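Per-entry structural report
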Amino acid sequence: MEVRYEQEALSSTHRVSLHRYKNLSNLPHWHKEHEIVLLIDGEASVTVNGIEYFLDATKSAFIKCED
């Protein structure tokens, strides 16, 4: 399985990064920032440390960086 390091270029004045996706399929990755996954609609599965979580618009996930 391919796994990659995802590095976000944040400046000293911008410590939050916000992205909006539709129909995203992402390769396994890690980064040094915490991550919040919030669905507006639909469903998604998120795998963290080998455990798969199923989300819908009533649930969200906070993924803590273990750096």
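Residues numbered from 1 in each chain as written. Predicted model: local features only at pLDDT ≥ 70, side-chain atom pairs only at ≥ 80, totals over all residues. Heavy atoms only, no water.

Let's talk about the pairing of strand S4 (residues 43-48)
Both S4 and strand S5 (residues 51-56) contribute to a ladder of six bridges, which runs antiparallel. Opposite Ser-45, over in S5, you have Phe-54 as the bridge partner. Once S4 ends, the chain turns through two residues before running back antiparallel as S5, passing Asn-49 with a positive phi of about 50 degrees. (Pairing = 2+ DSSP bridges. Helix = DSSP H or I, 4+ residues; strand = E, 2+ residues; numbered from the N terminus.)

Some remarks on the nonpolar core
Counting six residues, the largest nonpolar core consists of Val-37, Leu-39, Val-46, Leu-55, Ala-61 and Ile-63. The residues contacting Val-46, other than those within four sequence positions of it, are Val-37, Ile-51, Glu-52, Tyr-53, Leu-55 and Ile-63. (Core = buried A, V, L, I, M, F, W, Y, C linked by side-chain atoms within 4.5 Å. Buried < 20%, exposed > 50% of the residue type's maximum accessible area, 1.4 Å probe, protein only. Contact = heavy atoms within 4.5 Å.)

Regarding a nonpolar patch on the surface
A cluster of nonpolar side chains, contributed by Ile-36, Leu-38 and Phe-62, occupies part of the molecular surface with about 370 Å² of accessible area. Its location among the elements puts Leu-38 in strand S3 (residues 35-38). Taking relative accessible area as the criterion, Leu-38 reaches 59% and is therefore assigned exposed. (Patch = residues over 30% accessible without salt bridge, like charges linked within 9 Å, V, L, I, M, F, W, Y side chains within 5 Å. Areas by Shrake-Rupley, 256 points an atom, 1.4 Å probe, with all protein chains shown as cover. Salt bridge = Lys/Arg side-chain N within 4 Å of Asp/Glu carboxyl O.)

In short, shape yes, function no, at least from these values alone.
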